[in-house]
Amino acid sequence: MFDSLAGALGRAYQALVGKKTLTEANIEEGIRAVRQALLEADVHFQVAKDFVKDVKARALGQNVIQSVDPGHQFVKLFHDALTDLLGGAVTELPVADPPPLVLLMAGLQGSGKTTTCAKLALWLKRKKKKNPFLVAADLQRPAAVEQLCTLGKQLQIPVYQEGTGARPPELCARGIAEARRLRHDVVILDTAGRLHVDDALMREVQEVHARCKPHATLLVCDSMLGQDAVNSAKAFHERLPLYGVVLTKVDGDARGGAALSVKAVTGRPILFVGTGEKPDDLEEFDPPRMAGRILGMGDVVGLVEKAQEVIDQKEAERAAEKMRRGQFTFDDFLKSMNMIRKLGPLKKVLGMLPGVGAALKDIDLDDARFQRVEAMILSMTPFERRNPDSVDIQRRRRIAAGSGNEVQAVHDLVKQFKMMQKLMQSFGKGGLPSLPEGGLPGAGKPGRGPQPRGPGGVLPPGGGGLRDFLNRRR
Ligand SMILES: Nc1nc2c(ncn2[C@@H]2O[C@H](COP(=O)(O)OP(=O)(O)OP(=O)(O)O)[C@@H](O)[C@H]2O)c(=O)[nH]1
Ligand SMILES: [Mg+2]
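Each chain has its residues counted from 1, running along the sequence as written. For this description, chains carry letters from A and ligands carry numbers from 1, given in the order in which they are written. Totals for whole chains, interfaces and linings use every residue, but because this is a predicted model, local features are given only for residues with pLDDT of at least 70 and side-chain atom pairs only at 80 or more, for both listing and counting.

Trainee: Go over the overall build of the protein chain with me, naming the residues and quoting the values.
Mentor: Starting at the N terminus, helices and strands are each numbered in turn, a helix being any DSSP run of H or I of at least four residues and a strand any DSSP run of E of at least two. From N to C terminus, the protein chain includes 21 helices and eight strands. When each of the 474 residues of the protein chain is scored for burial, the buried share is 39%. Of all intrachain contacts in the protein chain linking residues separated by at least 6 positions in sequence, the fraction that spans at least 24 positions is 74%. Counting other C-beta atoms within 10 Å of each residue's C-beta, where C-beta atoms are placed from the backbone, gives the exposure class: buried for 20 or more, exposed for 12 or fewer, partly exposed between. Here the contact rule is simple: place C-beta atoms from the backbone, and any two residues whose C-beta atoms are within 7 Å are in contact.

What follows is the structure, given as structure tokens:
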């Protein structure tokens, strides 16, 4: 999400880099680029207009700190304005006293309600140590009940269902009573969707709402619908008080207009975003962090959190120690690679790193490349894996044949591995290594200042840079 916006904002930022101070004229120039970027990102016209006015007022009102680069100052105030536009701070779910917390999920057909019910239940179970209970109240289609039951079974979260014969309000009330009896602390109601915000749909959810008095009604919105998603959220909110919004399919939305407009247009915040089809593809929506991501500051916090979840700390430390001592082998390489893979698709992971997201958007980064590397390493003998220097041309031919690759691919792997070894060793000596030709992706963004160069590693010639390495085709 926000790829195009991040790119366009880069241009706005560039307009201010190198200027001595923030003046009305150069602020105006930056602002113009921002307005353009917002409109390109499909942000609601009025929202873009108000936002630009806000940024300008902040820029003109602030005391210019002489020693700080205007570009950086602008980014800071822009970050703050963007954070406010996205809702300010994280909006938590309400607390129910006494439990259970009742959440009503509503939204248009295909927006992702059922999937989101399951994702949210899993998130509550894992992150908040809750004991959630799902209620299948979409009685429009028999398949809808089945879909929720299947998800529930897969995630080991119980689902209350009565087939499709009952009426939703009564069914939901019975579901909640059952949850209370079984001492569940959260109940999530999955309701039916319609193609449009029409009377029949609204009446049904309103009835469920009146009967069950949920603690929060969450509207599930498809981010890819852009402005339409925002308009339907507004129409919904006019007829049913919303607590907040869950924005789905942000993984397929390069523009992010809905995310940027929802709060301003409806007055209700986004609580979660759906980032994929799998049950764990749900993230809490964190405005400051999201603003950082848009501005290319990366989401290091998100990456660290994710890493803490999936990475074996001891194993990682062992690998790091070996790297420092220069004892890193192909076996360790494979282990580390698999750890990174657990973080998710590589492109997603790298997208969380500062400055990398926008730079990586045209890179051919797929897991197939990982698999190819894995196949090559697995085709090596244990001796070869421990002694990378032993992998001579004859062995390379055998490895290529064994793993179904060209010999050139093995050459590349060995070369890259040795390069990495050197890089790691120079880290170990305390010096920051000089970067491969072309630098790391995104590191060369304007205005980021010179890259630190340490005394340590000079890389073998012809490194080609990480970008080239990753782009190299099969
Ligand atoms: N890529 C992506 N796909 C999603 C996301 N959330 C849901 N989907 C997909 O969107 C489609 C519709 O999701 P559902 O959960 O069935 O939508 P619904 O709102 O319950 O649909 P109805 O019950 O027909 O109203 C499914 O194919 C989901 O896998 C997401 O965050 N990212
Ligand atoms: Mg559904």
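Trainee: Could you give me a rundown of the site of ligand 1, with the residues and numbers involved?
Mentor: Taken together, 21 residues lie around ligand 1, and Gly-112, Thr-114, Thr-115, Gly-193 and Gly-274 are the ones closest in. Three categories are distinguished: nonpolar for Ala, Val, Leu, Ile, Met, Phe, Trp, Tyr, Cys and Pro, charged for Asp, Glu, Lys and Arg, and polar for the others, with Gly belonging to the last. Partitioned by chemical class, the residues of the shell around ligand 1 number two nonpolar, 13 polar and six charged. All residues are tested the same way: a C-beta atom is placed from the backbone, and lying within 6 Å of a molecule or strand makes the residue near it.

Trainee: Give me the lowdown on helix 8 (residues 199-212), citing residues and values where you can.
Mentor: The span one expects for a helix is its residue count, reduced by one, times 1.5 Å. The first and last C-alpha atoms of helix 8 sit 20 Å apart over 14 residues, in line with the 20 Å expected at 1.5 Å per residue. Turning to helix 8, its buried residues number three or more, namely Leu-201, Glu-204, Val-205, Val-208, His-209 and Cys-212. Taken end-on, helix 8 shows its buried residues confined to a sector of 135 degrees, consistent with a single buried face. Exposed residues on helix 8 whose side chains face more than 90 degrees from its buried face are Asp-199, Ala-200, Arg-203 and Ala-210. Positive phi shows up at Lys-213, right after helix 8, with a value of about 45 degrees. As used here, the arc is the angular range of directions from the helix axis to the C-beta atoms.

Trainee: Describe in detail helix 9 (residues 227-239), supporting the description with residues and values.
Mentor: In an α-helix there are 3.6 residues to a turn, and that puts residues three or four apart on one side. Taking 1.5 Å as the rise per residue, helix 9 with 13 residues should run 18 Å; its terminal C-alpha atoms sit 19 Å apart, in good agreement. For helix 9, the complete set of buried residues consists of Ala-229, Val-230, Ser-232, Ala-233 and Phe-236. The buried residues of helix 9 occupy an angular sector of 165 degrees when projected down its axis, which confines them to one face.

Trainee: Describe the sheet that holds strand 4 (residues 186-191), with residues and values.
Mentor: The sheet built from eight strands is open, its strands ordered 3-2-4-1-5-6-7-8 with mixed pairing. In this open sheet, the two edge strands, each paired with only one partner strand, are strand 3 (159-160) and strand 8 (282-284). Two strands qualify as a pair provided that DSSP identifies no fewer than 2 bridges between them. Where strand 6 (residues 244-248) meets strand 7 (residues 270-274), three bridges bridge the pair, whose relative direction is parallel. Paired with Val-246 across the two strands is Phe-272, which belongs to strand 7. The axes used here are C-alpha line fits, helices contributing only the stretch in contact, and every angle between their N-to-C directions lies in the interval 0 to 180 degrees. Seen against the sheet, helix 8 touches strand 1 (101-107), strand 2 (132-137), strand 4 and strand 5 (216-222) and runs at an angle of roughly 175 degrees to strand 1.

Trainee: An account of the pairing of strand 1 is needed here, citing residue identities and associated values.
Mentor: Burial analysis of strand 1 places seven of its seven residues in the buried class, which makes it a mostly covered element. Where burial is concerned, the two faces of strand 1 agree: the one with Leu-101, Leu-103, Met-105 and Gly-107 and the one with Val-102, Leu-104 and Ala-106 are both buried. Sheet analysis places strand 1 next to strand 5, joined by five bridges and oriented parallel. The partner of Ala-106 across the bridge, within strand 5, is Leu-219.

Trainee: Please set out the environment of Asp-190 residue by residue, giving values where relevant.
Mentor: Mapped onto the fold, Asp-190 is located in strand 4. Separated by 46 residues in the primary sequence, Asp-190 and Ala-144 have C-alpha atoms spaced 9.2 Å apart. Not counting residues within four places of it along the chain, the set of residues in contact with Asp-190 comprises Met-105, Lys-113, Thr-114, Cys-117, Leu-134, Val-135, Ala-136, Ala-137, Asp-138 and Leu-148.

Trainee: How would you sum up the environment of Ala-316? Please name residues and give values.
Mentor: Summarising the element assignment, Ala-316 is placed in helix 13 (residues 313-325). Using a count of 14 C-beta atoms within 10 Å as the deciding quantity, one classes Ala-316 as partly exposed. Each C-alpha atom, one on Ala-316 and one on Lys-335, is 9.1 Å from the other, the two residues being 19 residues apart in sequence.

Trainee: Please set out unusual backbone geometry residue by residue, giving values where relevant.
Mentor: A cis geometry characterises the amide bond from Asp-97 onward to Pro-98, with omega recorded as 5 degrees. You can see Pro-98 is positioned in the loop between helix 4 (70-85) and strand 1. A cis geometry characterises the amide bond from Pro-99 onward to Pro-100, with omega recorded as 5 degrees. Mapped onto the secondary structure, Pro-100 falls in the loop between helix 4 and strand 1. Positive phi outside glycine occurs at Gln-156, with the angle close to 55 degrees.

Trainee: Account for the packing of helix 2 (residues 24-40) against helix 3 (residues 45-61), with residues named and values stated.
Mentor: One way to put it is that helix 2 packs onto helix 3 with a least axis distance of 10 Å and a crossing angle of 155 degrees. In terms of orientation, helix 2 and helix 3 fall into the roughly antiparallel class. Note that helix 2 runs across helix 3; the crossing there is right-handed. Counted together, Glu-24, Ile-27, Ile-31, Val-34, Arg-35, Leu-38 and Leu-39 of helix 2 and Ala-48, Phe-51, Val-52, Val-55, Lys-56, Ala-59 and Leu-60 of helix 3 form the full contact between these two elements. Here the residues of the contact of helix 2 with helix 3 sort into 11 nonpolar, no polar and three charged. Working definition: roughly parallel below 35 degrees, roughly antiparallel above 145 degrees, roughly perpendicular at 65 to 115 degrees, and oblique for all remaining angles. Two helices crossing with the near one rotated counterclockwise from the far one by less than a right angle form a left-handed crossing, whereas a clockwise rotation gives a right-handed crossing.

Keep in mind these numbers describe shape, not what the thing actually does.
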